[in-house]
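The primary structure of each chain is shown beneath.
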Amino acid sequence: TSTSSSSSSNSNSNTHSTPLPPPSTGAGATYTPSLALSSKKAPQPRTSAVAHFSSLPNDGIGNDSLLTATTTTNNDSATSPLPTAGRLLAINSHYIAYAVKKGLVRVIDRRTAAKTLLRGHGESTRIVDAAFFGGEGGASQDQVGVASVWKELAELHWRRRREREGGDSHVGGGASADAFATGGAGPAVTPDASDILATVGGKGDRACVLIWRIHGGNHAGHAKSAPETMGAEKLLELRFSLAARILWHPFNPNRFLLLHRNGGSAAAAAANQKDNGKKRRYRSVATWVDTTRLVTYPHATEGHTVCDCVPSTAAGDDGSARSYEEWTFPGASQFYLTLEQGQGQGQGDQPLAGANDVAWSRKDAKHVLTAHDDGKVRLWDASLPVSMVRTEAGHLVRSSTGATPHSVGGSNHHADNSIVSSIPCVAELDVASAICDLNGHSDRRITRVMFLPRYESEVGQHGGVAITPPFVTGAEMNHTITLWSSFASGPSSTSTNATTAPSTAIHPPRRLCTFRLHSDATPPPLSSLLSAELCPAPYLPPVSTSDEIAVPSSFLLLAERNAGSMHALHFHTEWKADENAGAARTGAAPTAVTVRGFDYVATLNVVHPVFSYCVAPAAAGDATTTSSPTSLAEEIDVELCCVQNKAVQMLTLSGAMVCGGK
């Protein structure tokens, strides 16, 4: 582990950035902003106000009355704030939506400035998550910053390489670039096409999850609406009080994931995992929803579709209800963690590990990654037949029906009340143990997990074929960030019978690099949780034709909730070398980019604390961002839409501000 505290100076480096050790397997660095900025001033992004009002950080509860009140419901003696990656706003090229007081959501048309107010959540609650379909990690970010010229950069890089090697510099149709832009997961989502918004209310909200369609403005498909007229209609109401986050399917608006709220205190969680005084051996951490298979009915007065998800009363000989994690969700599939999958978690007084975050792979749209309290991340495969969990023993029983989450219907419970169906967990990774050299304390919680959808990496030591993109994890309230290679599929090391075909297994990823932001408290308290989001890098054109062609890259932005600081952690990327042979045969430019580690970090002064933020695609009709080849000569900034303590603002990150040494 090495400590970075000052910036090196070279002709290509941004003086605001601090270089990190060269990326090598497992290398780590601790960054202390006060030391790094002792001789320089952090740059300040340009700002433009969207709205002025006071806001609070997202505490994962969204109900102030429950933070202090004592309740005996479900044995939950106290409700404490929770680590959460839920957002207080959502944005696409048409609209900005952000949470305001009393469960309301304000939506603004980005081009006409028309407004509407969404009413549907309880007045005593606050929104804990919001997302437009096609937003997070989706196609919207493919049109931002350097990602918007990915194809053109690939073609120019390939042309120059071929010229140096004396080969044909002609580039073919570029089909591989178009396919790669979607992450290989079905049709691309047009980033400005979605008017579907999901909002998640706080604990105690009756209308827990609402799916809306926004209408109005001058956009295509709404020609009959006057420019100043905006409104919204409720499409679906899910009354599922465990919902804490919503994640849309990468390209299917009828499917999404709901991450379950991760309980309260450890004692309350342990109490909640008992049926009739006996230790529970399974726990549901998330739900896969296919809206075409839900059991619903029309709302009595408003007419929209409603799905009631009620506590199950099937467990227990005396007819008592299951614990608060166990609900009947008609037509949905659950992600169950069992003692077998937990490998010892849940023993004694320790509860089975709840999940704090979830990510959905765009590579194939079937793999889901969850981050847990026990220091592990777990990989789930929604394309496999569902597993049967025998609840009394916490054992898995393989399904004999071959049903998948795409085909399963009705309740997740069976006629045999001791069995529930679960999407299978296919691999797990002990993140906390791998980074113990950096944290060295007992807080094992993993609080963030994100796939890097447009990047590749070398697979782990066991080889095989990558089945997910590389990913990052956050621990120590996101003060410790680790980059991992892809999960891979390959021959099983236990296959010894030479007369049969070798069996396959999922091989664990490799730790590529770890970054730690210094904290005065060890471990960092929940109040210092950093908001962590991926962001494409701004694009800086080359100064001369002899300069190296920029490699598409990204930042992981870490925003402090208690101070006006944001830290931009840059990924070290390279064009993937082994694609050259294939590209030569097809005539298409290689577009794959490999991520190696972190190479520098830059601290920004955002003045006011940032509670939540999203990367903002260019507004509809805005000609400032283009993916035409001529844009390679123009600088492309990146905009963030942020909820701060006193305002909602757009922050503009320029290449000169954060791009150093590239």
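Going along each chain's sequence as written, the residues are numbered from 1 onward. For this predicted model, a pLDDT threshold of at least 70 governs which residues receive local features, and a threshold of 80 or more governs which side-chain atom pairs are given and counted, while totals over whole chains, interfaces and linings are taken from all residues. With hydrogens and water excluded, all non-hydrogen atoms of the structure serve as input to the side-chain values.

**Student:** Quick question: what am I supposed to make of the packing of aromatic side chains here?
**Tutor:** In this description, a pair of aromatic rings is defined by centroid distance and the angle of the planes. Think of it this way: a Phe, Tyr or Trp ring, Trp meaning its six-membered ring, pairs with another when their centres are within 6.5 Å, and the plane angle makes it stacked under 30 degrees, edge-to-face over 60, tilted otherwise. Enumeration over the complete set of coordinates arrives at 13 aromatic pairs. Aromatic side chains Phe451 and Phe471 sit 6.2 Å apart centroid to centroid with 75 degrees between the ring planes, which places their arrangement in the edge-to-face category. With Phe451 in strand β30 (residues 446-451) and Phe471 in strand β32 (residues 471-475), the pair connects residues that are 20 residues apart, well separated along the chain. For every residue, the accessible area obtained with a 1.4 Å probe (protein chains only) is divided by the maximum for its type, and the residue is called buried under 20%, exposed over 50%, and partly exposed between those limits. What makes Phe451 buried here is its relative accessible area of 6%. On the basis of relative accessibility, which here comes to 0%, the residue Phe471 falls in the buried class. Summarising the aromatic geometry, the rings of Phe471 and Phe487 are spaced 5.5 Å apart at their centres and angled 5 degrees between planes, so their arrangement reads as stacked. Put simply, DSSP marks the helices as runs of H or I at least four residues long and the strands as runs of E at least two long, and each gets a number from the N terminus on.

**Student:** Is there a simple way to explain empty space enclosed by the protein in this structure?
**Tutor:** In this approach, a probe sized like a water molecule rolls over the atoms, and the result shows the empty space that is left. Definitions used throughout: a 1 Å grid over protein atoms alone; a cavity as a set of points that fits a 1.4 Å probe which cannot get out; a pocket as an open set with protein on both sides within 12 Å along at least five of seven lines; a lining residue as one with an atom within 4 Å of a point. Grid points are joined across faces, edges and corners, and a volume is the space filled by probe spheres set on the points. Per the stated rule, a full pass over the model turns up five cavities of 30 Å³ or more. Within this model, the second largest cavity holds a volume of roughly 110 Å³. Taken together, 15 residues make up the lining of the second largest cavity; nearest its centre are Thr84, Ala85, Ser531, Ala532 and Arg561. For the lining of the second largest cavity, the secondary structure elements donating two or more residues are β30, β37 (531-536) and β41 (610-616). Considering each element in turn, the lining of the second largest cavity owes the most residues, three residues, to β37.

**Student:** Sorry, what's going on with the sheet that holds strand β12 (residues 230-239) here?
**Tutor:** When DSSP finds two or more bridges between a pair of strands, those strands are recorded as paired. Across the sheet, which stays open at both edges, the six strands sit in the order β9-β10-β11-β12-β19-β18 with mixed pairing between neighbours. With one partner strand each, in any of the chains shown, β9 (129-132) and β18 (297-298) form the two edges of the open sheet.

**Student:** Is there a simple way to explain helix α3 (residues 150-164) in this structure?
**Tutor:** Residues lying three or four places apart along an α-helix face the same way, a consequence of the helix completing one turn every 3.6 residues. By definition here, a helix of n residues has an expected span of 1.5 Å times n minus one. A rise of 1.5 Å per residue sets the reference length of α3, with its 15 residues, at 21 Å; its end C-alpha atoms lie 21 Å apart and thus fit the reference within 8%. Along α3, the positions that sit buried rather than exposed are Trp150, Glu152, Leu153, Ala154, Glu155, Leu156, His157, Trp158 and Arg160.

**Student:** Explain the pairing of strand β34 (residues 488-491) here, please?
**Tutor:** Strand residues, when the strand is regular, have side chains that alternate between the two faces of the sheet. Bridge count between strand β31 (residues 465-466) and β34: two bridges; the pairing is antiparallel. Looking across to β34, one finds that Val465 is bridged to Ser489. Of the strand pairs in this sheet, β34 and strand β35 (residues 504-507) are connected by four bridges, and their pairing is antiparallel. Looking across to β35, one finds that Ser489 is bridged to Ile506.

**Student:** Can you help me understand the nonpolar core in this one?
**Tutor:** A general feature of soluble globular proteins is that nonpolar side chains tend to end up buried together. The criterion is simple. A nonpolar core is a set of buried Ala, Val, Leu, Ile, Met, Phe, Trp, Tyr and Cys residues joined through side-chain atoms within 4.5 Å. Phe515, Leu556, Leu557, Met566, Phe571, Phe598 and Leu640 are the most contacted members of the largest nonpolar core, which has 59 residues in total. With six residues, strand β40 (residues 593-605) is the largest single contributor of residues to this core. We call two residues in contact whenever any of their non-hydrogen atoms come within 4.5 Å of each other. Discounting chain neighbours no more than four positions away, the residues touching Leu640 are Cys535, Leu557, Met566, Cys614, Val615, Ala616, Gln649, Met650, Leu651 and Leu653. Within the second largest apolar cluster, 24 residues are counted, among which are Val200, Ile246, Val289 and Phe329.

**Student:** Could you clarify how one ought to interpret the sheet that holds strand β8 (residues 115-118) in this entry?
**Tutor:** Adjacent strands of a sheet form backbone hydrogen bonds with each other and so pair up, either parallel or antiparallel. Read from one edge of the open sheet, four strands run β5-β6-β7-β8, paired in antiparallel fashion. Both outer strands of the open sheet, β5 (89-91) and β8, are each paired with one neighbouring strand and no more. Taken over all neighbouring pairs, the strand axes of this sheet differ in orientation by 15 degrees on average, direction set aside. Pairing of β5 with strand β6 (residues 95-99) involves three bridges; the strand directions are antiparallel. Following the sheet pairing, Leu89 is matched in β6 by Tyr98. Interaxial angle, 0 to 180 degrees, is taken between N-to-C directions of lines fitted to C-alpha atoms, where a helix line uses only the stretch in contact.

**Student:** I tried to follow unusual backbone geometry on my own but got confused; where do I start?
**Tutor:** With the exception of glycine, most residues fall at negative phi, and the peptide bonds are largely trans. With omega at -5 degrees, the peptide bond leading from Thr522 into Pro523 counts as cis. Positioned with a positive phi, Lys102 is a non-glycine residue whose angle comes to about 60 degrees. Position of Lys102 among the secondary structure elements: in the loop between β6 and β7 (105-109). Among the residues examined, Lys102 registers a relative accessible area of 52% and is labelled exposed. For Asn478, which is not glycine, the phi dihedral falls at a positive 70 degrees. For Asn478, a relative accessible area of 2% corresponds to the buried category.

**Student:** Help me understand the environment of Asp599, please; the structure alone is not making it clear to me.
**Tutor:** Here Asp599 lies in strand β40. In this structure Asp599 comes out as buried when scored by relative accessible area, which is 14%. Along the sequence, Asp599 and Leu569 sit 30 residues apart, while their C-alpha atoms lie 8.0 Å from each other. Residues adjacent in sequence count toward polar contacts only when both atoms are side-chain atoms; beyond that, a polar contact is any pair of N or O atoms within 3.5 Å, and within protein one must be able to donate a hydrogen and the other to accept it. A polar side-chain atom of Asp599 sits 2.8 Å from a polar atom in the side chain of His570.

**Student:** Would you mind showing me how to read the state of the cysteines here?
**Tutor:** Here, disulfide denotes a covalent bond that connects the sulfur atoms of two cysteines. Disulfides are defined as cysteine sulfur pairs within 2.5 Å. Scanning the model with the defined rule gives zero disulfides in all. We note that Cys307 lacks a disulfide partner, and the nearest cysteine sulfur, in Cys309, lies 4.0 Å from it. Among the residues examined, Cys307 registers a relative accessible area of 0% and is labelled buried.

**Student:** In this structure, what is going on with the side chain of Asp381? I would like to understand it.
**Tutor:** Structurally, Asp381 can be placed in strand β25 (residues 376-381). In this tally Asp and Glu are treated as negative and Lys and Arg as positive; neither His nor the chain ends contributes. Salt bridge criterion: a side-chain nitrogen from Lys or Arg within 4 Å of a carboxyl oxygen from Asp or Glu. Of the buried charged residues, Asp381 lacks a salt bridge, with Lys366 as the closest side chain of opposite charge at 4.3 Å. Within the structure, Asp381 has its side chain in polar contact with the side chain of Ser383 (distance 2.6 Å). In this view, Asp381 contacts Lys366, His367, Ile423, Pro424 and Val426; residues no more than four positions away in its chain are not counted.

**Student:** When you look at the confidence of the model for the protein in this model, what are you seeing that I'm missing?
**Tutor:** Keep in mind that low pLDDT regions are not for reading the predicted coordinates in detail. For the protein, the average pLDDT comes to 77, and 68% of its residues sit at 70 or higher. pLDDT under 50 marks residues 580-585. Its contacts with residues more than four places away, or in other chains, come to eight contacts. Contacts of residues 624-630 to residues separated by more than four positions or lying in other chains number ten contacts, the stretch itself having pLDDT below 50. Each residue carries a pLDDT value, the predictor's own confidence for that position, ranging from 0 to 100.

**Student:** How should the pattern of salt bridges be read in this particular structure?
**Tutor:** Any two side chains of opposite charge can pair, so long as their charged atoms come close to each other. The final tally for this structure, using the stated rule, is 20 salt bridges. In this structure, Arg239 and Asp308 form a salt bridge, with 3.6 Å as the shortest nitrogen-oxygen distance. Taken together, the positions of Arg239 in strand β12 and Asp308 in strand β19 (residues 305-308) put the pair 69 residues apart, joining distant regions of the chain. Its relative accessible area of 29% is what places Asp308 among the partly exposed residues. What emerges from the salt-bridge pattern is a single network uniting Arg87, Asp129, Arg245, Asp357, Arg448 and Glu533.

**Student:** So what exactly am I meant to see when it comes to the pairing of strand β42 (residues 638-644) here?
**Tutor:** The buried count for β42 comes to six of seven residues, which makes it a mostly enclosed element. Here β41 runs beside β42; their pairing, made up of six bridges, is antiparallel. Among the inter-strand pairings, Val610 is bridged to a residue of β42, identified as Gln644. For β42 and strand β43 (residues 647-653), the ladder comprises six bridges, and the chain directions are antiparallel. Each bridged residue has a counterpart across the sheet, and for Cys642 the counterpart in β43 is Gln649. Between β42 and the antiparallel strand that follows it, β43, lie two residues.

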